[in-house]
Amino acid sequence: MSASDHPSGSLRPSTLHLPAGPWATVLDCLCAHFPAISREIWLERMARGRVLDAQGAPITADHPYRVGLRVHYFREVPAEPLIPFEEAILHADDHLLVADKPHFLSVMPAGAYVEQTLLARLVKRTGNADLVPLHRIDRHTAGLVLFSTNAQTRGRYQALFRERHIGKRYEALAAPLPQVRFPLLRETRFEAGEPFFRMREAPGVANTRTRIDVLERRADCWLYGLEPVTGKKHQLRVHMAALGAPILNDPFYPEVSSSEGDPDDYSRPLKLLARGLSFADPLSGEPRRFESVLRL
């Protein structure tokens, strides 16, 4: 399904290849496959043209079921929370878009958020349904996110991240660590933690690496410069907490003070900012450097 097969300014749909089963219609299969979504909701979505076949044509309630049939559907979340902070577009050209993401806004649709995500907002603003984030930052983290605007050159830019040819700089506010000698390189092994949305350091061969330095020594906290060499989930948050200086207002580390489903406290944003991105452009070879205009 191409970008032209659905309305300009809308997110790309999700895709399901229908599994084997005893169903008579596509509707029956969808109801069984997604038990949390009622039959009435699927009927309403079909009536609005939000369930499509592989050619982009609307699927109706009596559309026959067939194993392997490709069905496109648009995710929707009822009563989706409104994130009261705005993103900014810092740069846009024929291949790239650079956005400054506010705290609390997810990059991609997930969980309770579909329209209130950076990708959905940017697709609506630009009318470009081919936007794809080249990397992600946590919902709680603010700062730079790089998007591909062109499917034909996307792979060249994705390789920058895969091959670690891109410099990423973060800033964080955390407690002073006068007993630690900086700069330092934190290299540890990460594994899934508890609850499911956390990570933890564990014995074994290191699979994460972060360069850490002090940028400013304030009276009550220090401003740290963080450069992740690897890109594991919550890497900077776990490394700072393990040093004894969890990032200010972190709801997950070192202990869980709120879970993913709790309402956000907008007065206490995580003091972590994706400050800078730098790389040699894979198309022109020219150096590229982008800086967030946000401040902690």
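Basis of the calculations
- Every chain is numbered independently, its residues counted from 1 as its sequence is written.
- The model is predicted, so local features are restricted to residues of pLDDT at least 70 and side-chain atom pairs to those at 80 or more, both for listing and for counting; the totals for chains, interfaces and linings are taken over all residues.
- Hydrogens and water molecules were not included; the side-chain quantities draw on all heavy atoms of the structure.
- Stacked, edge-to-face and tilted labels apply to pairs of Phe, Tyr and Trp rings (six-membered ring for Trp) whose centres lie within 6.5 Å, assigned for plane angles under 30 degrees, over 60, and everything in between, in that order.
- We count a stretch as a helix when DSSP gives it H or I for four or more residues in a row; a strand needs E for two or more, and each element gets its number in order from the N terminus.
- Criterion for a charge above a ring: Lys NZ or Arg CZ within 6 Å of the ring centre, and within 35 degrees of the ring normal.
- Note on pairing: two strands pair once DSSP finds at least 2 bridges between them.
- Exposed residues in this analysis have more than 50% of their type's maximum accessible area, buried residues have under 20%, and partly exposed residues fall in between, with area computed by a 1.4 Å probe over protein chains only.
- Directions are taken from the helix axis to each C-beta atom, and the arc is the one they span.
- Should any heavy atoms of two residues lie within 4.5 Å, those residues are counted as being in contact.
- In this entry, domain limits derive from an automatic or database-based domain assignment.
- UniProt positions are given in the numbering used here, feature names are shortened, and annotations may be inferred rather than shown by experiment.

Turning our eyes to something else, we now look at the packing of aromatic side chains. Scanning all chains against the criterion turns up 12 aromatic pairs. Ring geometry for Phe 85 and Phe 104: centres 5.9 Å apart, planes at 25°, overall stacked. You can see Phe 85 sitting in the loop between β3 (70–73) and β4 (88–92) and its partner Phe 104 sitting in the loop between β5 (96–101) and α3 (118–126), a full 19 residues away along the chain. Members of the aromatic cluster, connected to one another through ring pairs, are Phe 34, Trp 42 and Tyr 73. Above the ring of Trp 42, the side-chain terminus of Arg 45 is found at 5.1 Å from the ring centroid. For the cation-ring pair, Arg 217 lies above Trp 222, with the distance from its terminal atom to the ring centre recorded as 4.6 Å.

What the 3 strands build is an open sheet, ordered β1-β3-β2; its pairing is antiparallel. The strands lining the two open edges of the sheet, one partner per strand, are β1 (14–17) and β2 (51–52).

For the rest of this paragraph, the subject is the pairing of β3. Relative to β3, β1 runs antiparallel, the two being bridged by 4 bridges. Residue pairing across strands places His 17 opposite Arg 70, the latter belonging to β3. With 2 bridges joining them, β2 and β3 adopt antiparallel strand pairing. Among the inter-strand pairings, Leu 52 is bridged to a residue of β3, identified as His 72.

Considered for burial, the residues of helix α2 (residues 39–47) that qualify are Trp 42, Arg 45 and Met 46. The buried side chains of α2 occupy one side of the element, clustering within an arc of 100° when seen end-on. Exposed side chains of α2 directed beyond 90 degrees from the buried face belong to Glu 40 and Ala 47. Buried residues belonging to α2 abut α1 (26–33), β2 and β3. Residue Gly 49 follows α2 closely and has a positive phi angle near 75°.

Right, let's get into the domain arrangement of the protein chain. Taken domain by domain, the protein chain consists of domain 1 (12–71) and domain 2 (86–289). Taking the mean C-alpha position of each, domain 1 and domain 2 sit 36 Å from one another.

Our next topic: the UniProt feature "domain: Pseudouridine synthase RsuA/RluA-like" (unreviewed entry) in the protein chain. Following the UniProt record, one finds the feature "domain: Pseudouridine synthase RsuA/RluA-like" (unreviewed entry) at residues 95–242. Along residues 95–242, the helical share is 18% and the strand share 36%, with 39 Å between the first and last C-alpha atoms.

With respect to the element layout, Phe 197 can be found in the loop between β9 (184–192) and β10 (199–202). Given the relative accessible area of 5%, Phe 197 is considered buried.

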